[in-house]
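Secondary and tertiary structure notes
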Amino acid sequence: MIRPLLTVTLLVGLLLPGQAQAVPVKLDSLPLSVEPNAKLLTLNQAGIRAAFPSAAGRPDAVFMTEDRKVSVAFEWRTSKLAANEVEKLVAQFPAVIRAQVPNVKTLKASLVQMGGSPWAQFVFTTPSQSDDLRRELMVTSAGGRMLVVTIAGNVKDYSRNEAVIRNLTNSVRLN
């Protein structure tokens, strides 16, 4: 999980300029729209393929902060998830995270409302050499499938960019 973030931060030439707008933008192949702003960069498809070489788990859309330290990835998975199952994830998924992610230091799970839809939110940290790594998974049902937003960066970089990231995630609207 660390390698894709590092790769993403190095893909400066694969960013789309001029994607910062105050109007909702429909994301290709995803059942949602967002309102990106001037402080976010959009990775194009070539950049996404380079940052996530394996087709399995490759996100459909990726935004990055201006400093290229925090990424926000959107993935519409083929896994089935009914809207009434989102709340159950809050109780069930922390065990999966602890089993699959080594050295989890902190883990917080909650149910949040975003764009009028329920989302399961999982925020966890893992140790790193200079600063703890922070991952946030937000999961909901879209069209009977699992929609996952992954926010990745280290704790300090996330703190510096939190307002921009929250503005993006709060603008998500399911279509």
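To be clear, the structure that these remarks concern was listed above.
Residues numbered from 1 in each chain as written. Predicted model: local features only at pLDDT ≥ 70, side-chain atom pairs only at ≥ 80, totals over all residues. Heavy atoms only, no water.

**Re the environment of alanine 73**
If you trace the backbone, alanine 73 turns up in strand S6 (residues 71-80). A relative accessible area of 11% means that alanine 73 is categorised as buried. Sequence separation between alanine 73 and isoleucine 48 is 25 residues, and the spatial gap between their C-alpha atoms is 9.6 Å. Leave out the neighbours within four places in its chain, and alanine 73 touches Pro59, Ala61, Val62, Val148, Val149 and Thr150. (Helix = DSSP H or I, 4+ residues; strand = E, 2+ residues; numbered from the N terminus. Buried < 20%, exposed > 50% of the residue type's maximum accessible area, 1.4 Å probe, protein only. Contact = heavy atoms within 4.5 Å.)

**Some words on the pairing of strand S10 (residues 145-154)**
Residues in a regular strand point their side chains to alternate faces of the sheet. Counting buried positions over the ten residues of S10 gives nine, a clear majority of the element. Two elements, S6 and S10, share seven bridges in a ladder whose sense is antiparallel. Paired with lysine 80 across the bridge in S10 is arginine 145. Pairing between strand S9 (residues 133-142) and S10: ten bridges, direction antiparallel. Bridge pairing in S10 places valine 139 opposite valine 148. Linking S9 back to S10 in an antiparallel pair, the connection comprises two residues, with glycine 143 at a positive phi of about 65°. (Pairing = 2+ DSSP bridges.)

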